[in-house]
Amino acid sequence: KIKAGAEKTAKDKPGELKITTEEGKTIYEGKGGDGKEFYAYLDPNGSTLLASSEKDYLTTAIANKSAGPGKEMQDALSKVGGKESIWVAAIITKEIKKAMAASPQAKDLAPKLEAVTGTINVADGVETNLVIHTTDAKAAPDLKKILNQVKPLLTLAAQGAGEEAAPVLSEVVDNLKITTEENSVKINLKVTEELIEKVHKPDAKESKDK
């Protein structure tokens with residue numbers, strides 16, 4: 001599906017995605033929403049997709065097959081069930097920690113972060129759970145405080161989204177719950193079927209005009 005979708009996009013929108021071949025390997029070259037370039041390779045086995053913002057990094061990864069997830073990634077993978085509609089596991093690398101350390105608010109927390117795992121379950125509504133794993137229980141409450149400072153900003157942003165969208169987006173933000181459990185911070189967001197219908201409900205005037 002990814003291969004077919006990429007080929008269609010490259011054909012319909014050549015300015016956004018192009019397909020090249022290097023040493024017999026098919027490379028997908030495109031630009032993200034921020035305009036930055038990305039490179040991707042789909043393994044012929046159909047189960048592995050490699051992607052990077054640096055072409056050399058990607059081609060090196062293709063040429064040097066991994067023996068499998070390292071210990072840190074295995075630890076992160078063990079924290080998700082893998083049976084959810086969508087799930088993700090990512091380790092917080094030294095490079096990411098270094099970049100975070102540049103922020104005064106995150107400087108002390110950065111070394112204590114391990115991984116991020118997330119799940120999305122889709123039924124009548126959508127429930128998203130994001131978990132940030134830390135090295136000790138003391139770091140989790142500190143991280144929660146920082147995240148709670150962001151929530152009012154999201155509320156303000158929602159209120160400025162326009163008369164029609166503001167009430168719905170505000171309700172979405174209200175549904176955002178941040179809690180701690182042992183060495184982790186959990187971010188839960190439930191979007192009910194009713195709320196989804198509100199988001200997709202066309203404006204009455206717009207419907208009349210149509």
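Higher on the page you've got the structure.
Everything numeric in this text was worked out from a predicted model, so none of it was measured.

Enquirer: For this particular structure, what's the right way to read the sheet that holds strand E1 (residues 17-22)?
Expert: Backbone-to-backbone hydrogen bonds pair the strands of a sheet. The strands run either parallel or antiparallel. With antiparallel pairing, the 4 strands of this open sheet are ordered in space as E1-E2-E3-E4. Pairing within the sheet leaves two strands with one partner each, and these edge strands are E1 and strand E4 (49-52). When the angles between neighbouring strand axes are averaged without regard to direction, this sheet yields 25 degrees. The sheet strands contacting helix H1 (residues 2-12) are E1, strand E2 (25-31), strand E3 (37-42) and E4, and the helix crosses E1 at an angle near 115 degrees.

Enquirer: Just checking my understanding: could you explain the sheet that holds strand E5 (residues 86-91) for this structure?
Expert: The strand order across the open sheet formed by 5 strands is E5-E6-E7-E9-E8, and the pairing between neighbours is antiparallel. With one partner strand each, in any of the chains shown, E5 and strand E8 (176-181) form the two edges of the open sheet. Each adjacent strand pair in this sheet contributes to an overall mean axis angle of 15 degrees, direction not counted. Taken together, the 6 bridges between E8 and strand E9 (residues 184-191) define a ladder with antiparallel strand orientation. Bridging across to E9, glutamate 181 finds its partner in serine 184.

Enquirer: Which parts of the structure should I look at to understand a negative patch on the surface?
Expert: On the surface, a cluster of negative charge is made up of Asp124, Glu193, Glu194 and Glu197. Position of glutamate 193 relative to the elements: it lies in helix H7 (residues 193-200).

Enquirer: Sorry, what's going on with the pattern of salt bridges here?
Expert: It is possible for side chains bearing opposite charge to pair when their charged atoms get close. A full pass over the atoms with the stated rule returns 8 salt bridges. Glutamate 7 is paired through a salt bridge with lysine 3; the nearest N and O atoms lie 2.8 Å apart. Linking glutamate 7 with lysine 3, this pair stays in helix H1, spanning 4 residues, or about one helical turn. Owing to a relative accessible area of 37%, glutamate 7 belongs among the partly exposed residues under this scheme.

Enquirer: Could you clarify how one ought to interpret the side chain of histidine 133 in this entry?
Expert: One can find histidine 133 in strand E7 (residues 126-134). Here threonine 117 takes part through its side chain, which lies 2.9 Å from a polar atom of the side chain of histidine 133. Setting aside residues no more than four positions away along its own chain, histidine 133 makes contact with Lys79, Lys112, Leu113, Glu114, Ala115, Val116, Thr117, Asn183 and Ser184.

Here is what the cut-offs are and how they apply
Residues numbered from 1 in each chain as written. Predicted model: local features only at pLDDT ≥ 70, side-chain atom pairs only at ≥ 80, totals over all residues. Heavy atoms only, no water. Pairing = 2+ DSSP bridges. Helix = DSSP H or I, 4+ residues; strand = E, 2+ residues; numbered from the N terminus. Axes fitted to C-alpha atoms, helices over the stretch in contact; angles between N-to-C directions. Contact = heavy atoms within 4.5 Å. Patch = residues over 30% accessible without salt bridge, like charges linked within 9 Å, V, L, I, M, F, W, Y side chains within 5 Å. Areas by Shrake-Rupley, 256 points an atom, 1.4 Å probe, with all protein chains shown as cover. Salt bridge = Lys/Arg side-chain N within 4 Å of Asp/Glu carboxyl O. Lys, Arg positive; Asp, Glu negative; His and termini not counted. Charge placed at Lys NZ, Arg CZ, Asp CG, Glu CD. Buried < 20%, exposed > 50% of the residue type's maximum accessible area, 1.4 Å probe, protein only. Polar contact = N/O pair within 3.5 Å; in protein donor to acceptor, adjacent residues only side chain to side chain.

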